[in-house]
Amino acid sequence: MKSQLRQDISLLIFSLLVLLIIGVIIGKPFLLVCIGLTAYIVWTFYNLNRLTKWLTKQGKHVPETYGIWDDIYYQLYQIYQRQRKAKRKLAAIVSRFQESTQALPYATIVLNRQMEIEWFNNAAENMFDLIRVTDIGQRLDNLIRIPGFINYLTRRDFKEDLEFDYGGRNIRLTITPYGNHQYLLGAHDITQRRKLEVMRQDFTANASHELRTPLTVVAGYIEALQENADEKLKIPLQRIHEQTERMESMLNDLIALSRLETQALPEKEELIDVPALMQQIVKDMTAFDRGQHNIEINCQPVKLLGSREELHIVLVNLMTNAIRYSPSSGQVTLSNTVDERGMCIAVEDQGMGIPADQIPRLTERFYRVDPGRSRDQGGTGLGLAIVKHILDRHRARLEITSVPGKGSVFRCCFPARQIAEVDASPESIN
Ligand code: ADP
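Now for a look at the structure at hand. (Residues numbered from 1 in each chain as written. Predicted model: local features only at pLDDT ≥ 70, side-chain atom pairs only at ≥ 80, totals over all residues. Heavy atoms only, no water.)

### Observations concerning unusual backbone geometry
In step 1: The backbone of Asp 129 sits at a positive phi, close to 50 degrees, despite the residue not being glycine.
In step 2: Along the polypeptide, Asp 129 turns up in the loop between helix H4 (122-128) and helix H5 (132-135).
In step 3: Of note in this structure, Arg 156 is not a glycine but carries a positive phi near 60 degrees.
In step 4: Mapping Arg 156 onto the fold places it in the loop between helix H7 (147-155) and strand E3 (162-166).
In step 5: Arg 156 gets classed as partly exposed once you look at its relative accessible area, which sits at 36%. (Helix = DSSP H or I, 4+ residues; strand = E, 2+ residues; numbered from the N terminus. Buried < 20%, exposed > 50% of the residue type's maximum accessible area, 1.4 Å probe, protein only.)

What follows is the structure, encoded as structure tokens:
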């Protein structure tokens with residue numbers, strides 16, 4: 001392009017020189033140079049005009065021209081071709097993406113930063129009764145008028161999924177932010193799964209209740225038999241009595257679990273005085289332990305929003321385990337810490353500990369690290385499942401750290417929003 005420009009300038013200078021010489025010969029050099037320059041300007045404007053027209057039409061063929069204009073057309077044409085190719089490629093990618101998301105069984109909606117619909121697939125159309133021509137560009141919360149959903153969208157905190165009922169179906173929804181403040185909403189119908197879950201919960205609850213009555217009768221008869229039993233029957237009857245007691249505690253735990261699964265936390269949570277509850281628990285556990293362990297307490301004054309009864313169950317379960325799985329004279333400590341992230345209540349023991357690979361499974365129902373020891377100690381294998389369930393209901397998490405042979409720490413961490421009030425006095429109650 002540079003050499004072409006040089007050639008054009010040389011040609012212009014040469015033409016002007018020729019005109020100047022002719023002008024000198026005929027006695028009008030200035031007039032001829034002016035005519036030459038005017039002709040050049042007219043030619044330039046003519047080409048600029050042609051170029052503008054060509055650019056607006058984005059013509060396929062390059063018009064025939066000369067000199068530097070030929071080069072300009074050629075370069076622009078190359079850029080234009082490259083853009084067309086990139087556009088075609090992009091369009092193919094977009095249509096492939098739309099085809100694949102159209103085929104997804106999950107409802108998929110693309111939202112912009114104002115939560116307005118940009119695109120949705122057929123599954124979304126069916127699930128939320130969306131209409132392509134009218135609903136594109138509409139705010140999603142204007143179309144799905146469910147309070148829980150509107151709050152979820154307004155909060156813009158999409159770390160957790162949302163489950164809600166819509167049009168007689170249970171829906172689980174995930175929103176993933178991407179790109180420049182765009183959101184990808186995915187939703188699927190979990191009605192069937194919910195039904196199965198409810199059936200399972202009902203079955204467990206009903207079976208436990210049904211088993212409780214005959215078991216109470218059996219236990220009653222055994223107690224009566226024990227009173228008048230002759231010597232050789234005393235030991236077998238004692239064993240039967242122990243086993244019926246074990247079955248009773250298992251049924252009680254199963255009933256407690258299904259109650260936790262089916263009943264929601266009361267809307268208005270109570271204000272729990274945590275140190276008072278911890279002191280009460282330590283008092284009860286000291287009586288239960290009959291002085292075998294050294295039970296310590298270290299608590300910070302704080303009030304927590306939640307269910308006192310359920311928090312009591314959590315701490316009793318953790319303290320019972322700490323006592324059960326530690327040798328006598330070991331130390332068991334119940335403590336709490338408060339900071340800007342919330343409050344953690346910890347139960348620490350110096351017992352047998354738990355191998356690291358078993359820790360993730362501890363909250364599964366009936367999972368025991370050492371089944372023999374658990375049974376000997378009267379464990380049901382359901383304690384930690386209950387603890388986990390209650391903590392989930394309180395938006396809290398269970399953290400377990402343990403060193404085999406050294407001891408374990410079970411920490412229940414409640415988020416700051418569950419803390420109602422922290423007493424200004426920094427002293428701890430020991
Ligand atoms: P269990 O009634 O058997 O104690 P849990 O659900 O309370 O049932 O606990 C599950 C298992 O976790 C127990 O069987 C035991 O093996 C292990 N475990 C719980 N707490 C402790 C602890 N403090 N130290 C060591 N092992 C523990």
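### Overview of the state of the cysteines
Disulfide: a covalent bond formed between the sulfur atoms of two cysteine residues.
In step 1: Evaluation of the coordinates by the stated rule reveals 1 disulfide.
In step 2: Linked covalently through their sulfurs, Cys 344 and Cys 413 form a disulfide whose S-S length is 2.2 Å. Measuring the twist about the S-S bond at about 115 degrees, one finds the Cys 344-Cys 413 disulfide to be right-handed. Taken as a pair, Cys 344 in strand E10 (residues 342-349) and Cys 413 in strand E12 (residues 407-415) lie far apart in primary sequence, 69 residues in all. The two residues Cys 344 and Cys 413 agree in class, both being buried.
In step 3: The thiol of Cys 412 is unpaired, and the distance to the nearest cysteine sulfur, on Cys 413, comes to 7.4 Å.
In step 4: The class for Cys 412 is buried, based on a relative accessible area of 1%. (Disulfide = S-S within 2.5 Å.)

### Considering the pairing of strand E8 (residues 302-306)
In step 1: Here E8 shows one buried face, formed by Val 302, Leu 304 and Gly 306, and one open face, formed by Lys 303 and Leu 305.
In step 2: Pairing geometry for strand E6 (residues 270-273) and E8, over 4 bridges, is antiparallel. Residue pairing for E8: Glu 270 is matched across the bridge by Gly 306. (Pairing = 2+ DSSP bridges.)

### A few points about helix H8 (residues 191-228)
In step 1: Relative to the 56 Å expected for 38 residues at 1.5 Å per residue, H8 spans 56 Å between its end C-alpha atoms, a close match to the ideal helical length.
In step 2: Within the span of H8, buried status applies to Thr 191, Gln 201, Thr 204, Ala 205, Ser 208, Leu 215, Ala 219, Ile 222 and Gln 226.
In step 3: Looking at the buried side of H8, the elements it contacts are strand E4 (169-178), strand E5 (182-189) and helix H9 (231-262). (Expected span 1.5 Å × (residues − 1). Contact = heavy atoms within 4.5 Å.)

### Overview of the packing of H8 against H9
In step 1: Contact geometry of H8 with H9 gives a least axis separation of 9 Å together with a crossing angle of 155 degrees. In terms of axis orientation, H8 runs roughly antiparallel to H9. Here the hand of the crossing between H8 and H9 comes out left-handed.
In step 2: Class assignment of the residues belonging to the contact of H8 with H9 gives a composition of 13 nonpolar, 12 polar and 5 charged. (Axes fitted to C-alpha atoms, helices over the stretch in contact; angles between N-to-C directions. Parallel < 35°, antiparallel > 145°, perpendicular 65-115°, else oblique. Left-handed = near helix turned anticlockwise from the far one by under 90°. Nonpolar A, V, L, I, M, F, W, Y, C, P; charged D, E, K, R; others polar.)

### Looking at the site of the ligand
In step 1: In the neighbourhood of the ligand, 21 residues make up the surrounding shell, with Asn 321, Tyr 325, Ser 374, Thr 380 and Leu 384 lying closest.
In step 2: In this structure, Asp 349 approaches the ligand through a side-chain N or O atom, which is 2.9 Å from a nitrogen atom.
In step 3: Within the complex, the protein chains bury 98% of what would otherwise be the 530 Å² of accessible surface of the ligand.
In step 4: For the shell around the ligand, the secondary structure elements donating two or more residues are helix H11 (308-324), helix H13 (383-393) and E12.
In step 5: The biggest single contributor to the shell around the ligand is H11, with 3 residues. (Near = heavy atom within 4 Å. Polar contact = N/O pair within 3.5 Å; in protein donor to acceptor, adjacent residues only side chain to side chain. Areas by Shrake-Rupley, 256 points an atom, 1.4 Å probe, with all protein chains shown as cover.)

### Observations concerning a nonpolar patch on the surface
In step 1: A surface patch of nonpolar side chains, about 710 Å² in accessible area, is lined by Leu 11, Phe 14, Val 18, Ile 21, Ile 22, Ile 25 and Ile 26.
In step 2: Positionally, Val 18 belongs in helix H1 (residues 2-26). (Patch = residues over 30% accessible without salt bridge, like charges linked within 9 Å, V, L, I, M, F, W, Y side chains within 5 Å. Salt bridge = Lys/Arg side-chain N within 4 Å of Asp/Glu carboxyl O.)

### Quick look at the sheet that holds E3
In step 1: Taken in spatial order, the 5 strands make up an open sheet running E2-E1-E5-E4-E3, and their pairing is antiparallel. Two strands in the sheet have a free side with no partner beyond their single neighbour: strand E2 (117-120) and E3. Strand-to-strand, the axes of this sheet are offset by a mean angle of 30 degrees, without reference to chain direction.
In step 2: Examined bridge by bridge, strand E1 (residues 107-111) and E2 share 3 bridges and lie antiparallel to one another. Bridge pairing in E2 places Leu 111 opposite Ile 117.
In step 3: Of the strands in this sheet, E3, E4 and E5 touch H8, which is tilted by about 125 degrees from E4.

### What about helix H3 (residues 67-103)?
In step 1: The end-to-end C-alpha distance of H3, which contains 37 residues, comes to 55 Å, matching closely the 54 Å that a straight helix rising 1.5 Å per residue would cover.
In step 2: All buried positions along H3 are accounted for by Gly 67, Ile 68, Trp 69, Tyr 73, Tyr 77, Tyr 80 and Thr 101.

### Details of a positive patch on the surface
In step 1: A cluster of like positive charges, contributed by Arg 84, Lys 85, Lys 87 and Arg 88, occupies part of the molecular surface.
In step 2: As for its placement among the helices and strands, Arg 84 is situated in helix H3.
In step 3: A relative accessible area of 32% means that Arg 84 is categorised as partly exposed. (Lys, Arg positive; Asp, Glu negative; His and termini not counted. Charge placed at Lys NZ, Arg CZ, Asp CG, Glu CD.)

### Describing the side chain of Thr 191
In step 1: Looking at the secondary structure, you find Thr 191 in helix H8.
In step 2: When sequence neighbours within four positions are dropped, the list of residues in contact with Thr 191 reads Arg 169 and Asn 170.

### Points about the nonpolar core
In step 1: Core analysis: the largest hydrophobic core is formed by 45 residues, its most contacted members being Leu 334, Ile 345 and Phe 414.
In step 2: With 7 residues, the single largest contributor to this core is H11.
In step 3: What Phe 414 contacts, discounting residues up to four positions off in sequence, is Leu 304, Leu 311, Arg 341, Gly 342, Met 343, Ile 345, Leu 391, His 394 and Ala 396.
In step 4: Of all hydrophobic cores here, the second largest spans 26 residues; its members include Ile 117, Met 127, Leu 130 and Phe 149. (Core = buried A, V, L, I, M, F, W, Y, C linked by side-chain atoms within 4.5 Å.)

Keep in mind these values describe shape, not function.
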